[in-house]
Amino acid sequence: MMNRQEALAILQLPATADSHAIRAALFQHYQQLFADHQGPVWVEHLRQLTQARDALLVRKGALAGPLAQSARLLQTKDLPRAVYVLLDRHDQSETIYTLRIEDQDLVLAFENEFTARTYARALIQKELSTPWCESFNPAEIIEFCEAAGYGLLLVPAQQMASPPLGSVDGAGQ
């Protein structure tokens, strides 16, 4: 099991890093990892990031584990009053936009509305999807992800996210 000091070193953060700084660094590392999605090194980096996340953000007594459990690890008191997710319409019904990483569907929840709208526009320009942005209470999104078995990737307010290069098989796509 990784300790706090080792986890902070992997994320290149100081010992004084708060949960928001940790989540921002994790997001940057996940985004870089997903952009480089290649080979056995990718699996090892994902394992290290998951261990770092668990060491730094898991509440005592909570179950640690893969991305599917990431929604459970977030404490709503550390989150903004609203998060923004992307919705899309497929076959006359609304779906939530997800990314599929390995065999896991991840809901992207943005802390910043501008970033969510920018991401949606990029998806439209790449003709991958035609989503729109909606505001939700973070607790609702966490509950939804837990019920549906989705992972959750929170995009911090000061971070920009890049859509996938091509279409991916996801719950909302």
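1. What about the overall build of the protein?
Right, on to step 1. Counting its regular elements, the protein contains six helices and six strands.
Right, on to step 2. Counting from the amino terminus, helix and strand elements in the protein follow one another as α-α-α-α-β-β-β-β-α-β-α-β.
Right, on to step 3. When the 173 residues of the protein are sorted by exposure, 46% land in the buried category.
Right, on to step 4. Taken as a whole, the protein presents about 9,400 Å² of accessible surface, with 50% of it coming from carbon and sulfur.

2. Comments concerning the environment of asparagine 137
Right, on to step 1. With respect to the secondary-structure elements, asparagine 137 resides in the loop between strand S5 (132-136) and helix H6 (138-148).
Right, on to step 2. Remark: the alpha-carbon pair of asparagine 137 and alanine 82, spanning 55 residues in sequence, is separated by 4.8 Å.

3. Quick notes on the side chain of threonine 115
Right, on to step 1. The topology assignment puts threonine 115 in helix H5 (residues 113-125).
Right, on to step 2. In this structure, threonine 115 is in contact with Phe110, Val155, Ala157, Gln159, Met160 and Ala161, ignoring residues within four places of it in sequence.

4. Thoughts on the confidence of the model for the protein
Right, on to step 1. Mean pLDDT for the protein: 75, with 76% of residues reaching 70 or above.
Right, on to step 2. For the protein, per-element mean pLDDT is lowest for helix H4 (residues 70-73), which scores 50, and highest for S5, which scores 92.
Right, on to step 3. Note that pLDDT drops below 50 for residues 59-69; the model gives that stretch 27 contacts with residues more than four away or on any other chain.
Right, on to step 4. Per-residue pLDDT stays below 50 along residues 167-173; that stretch engages in 23 contacts with residues further than four places along the chain or on separate chains.

5. Observations concerning the packing of aromatic side chains
Aromatic ring pairs are described here by two measures, namely the spacing of the ring centres and the angle between the planes.
Right, on to step 1. Under the definition given, this model contains three aromatic pairs.
Right, on to step 2. Look at tyrosine 97 and tyrosine 119: their rings are 5.8 Å apart centre to centre, the planes differ by 65°, and that puts the pair in the edge-to-face class. In this pair, tyrosine 97 sits in the loop between strand S2 (93-96) and strand S3 (98-101) while tyrosine 119 sits in helix H5, placing the two residues 22 residues apart along the sequence.
Right, on to step 3. Among the aromatic side chains, those forming a connected cluster through ring pairs are Tyr97, Phe110 and Tyr119.

6. Comments concerning the pairing of strand S4 (residues 104-110)
Right, on to step 1. The buried fraction of S4 is high, at seven of seven residues.
Right, on to step 2. Residues Gln104, Leu106, Leu108 and Phe110 point to one face of S4 and Asp105, Val107 and Ala109 to the other, with burial holding for every one of them.
Right, on to step 3. Inspection of the sheet shows S4 paired to strand S6 (residues 151-155) by five bridges, in the parallel sense. Considered in S6, the bridge of phenylalanine 110 is made with valine 155.

7. Some points on helix H1 (residues 4-11)
Right, on to step 1. Those residues of H1 that fall on the buried side of the exposure criterion are Ala7, Leu8 and Leu11. The buried residues of H1 occupy an angular sector of 100° when projected down its axis, which confines them to one face. Exposed side of H1, more than 90 degrees from the buried face: Gln5 and Ala9 are the residues found there.
Right, on to step 2. N-capping of H1 is provided by asparagine 3, with a side-chain oxygen placed 3.0 Å from the backbone N of glutamine 5.
Right, on to step 3. Just downstream of H1 lies glutamine 12, where phi reads positive at about 60°.

8. A look at the pattern of salt bridges
Right, on to step 1. In the structure shown here, the tally under the stated rule is two salt bridges.
Right, on to step 2. Of the charged contacts in the structure, one is a salt bridge between arginine 89 and glutamate 94, with a shortest N-O distance of 3.7 Å.
Right, on to step 3. Here glutamate 94 falls in the partly exposed class, since its relative accessible area comes to 49%.

9. So, the environment of arginine 23
Right, on to step 1. If you trace the backbone, arginine 23 turns up in helix H2 (residues 19-35).
Right, on to step 2. Residues arginine 23 and leucine 11, twelve residues apart in the sequence, show an inter-C-alpha distance of 10.0 Å.

Calculation notes
- Residues numbered from 1 in each chain as written.
- Predicted model: local features only at pLDDT ≥ 70, side-chain atom pairs only at ≥ 80, totals over all residues.
- Heavy atoms only, no water.
- Helix = DSSP H or I, 4+ residues; strand = E, 2+ residues; numbered from the N terminus.
- Buried < 20%, exposed > 50% of the residue type's maximum accessible area, 1.4 Å probe, protein only.
- Areas by Shrake-Rupley, 256 points an atom, 1.4 Å probe, with all protein chains shown as cover.
- Contact = heavy atoms within 4.5 Å.
- pLDDT = per-residue confidence, 0-100.
- Phe/Tyr/Trp six-rings, centres within 6.5 Å; stacked < 30°, edge-to-face > 60°.
- Pairing = 2+ DSSP bridges.
- Arc of directions from axis to C-beta.
- Polar contact = N/O pair within 3.5 Å; in protein donor to acceptor, adjacent residues only side chain to side chain.
- Salt bridge = Lys/Arg side-chain N within 4 Å of Asp/Glu carboxyl O.

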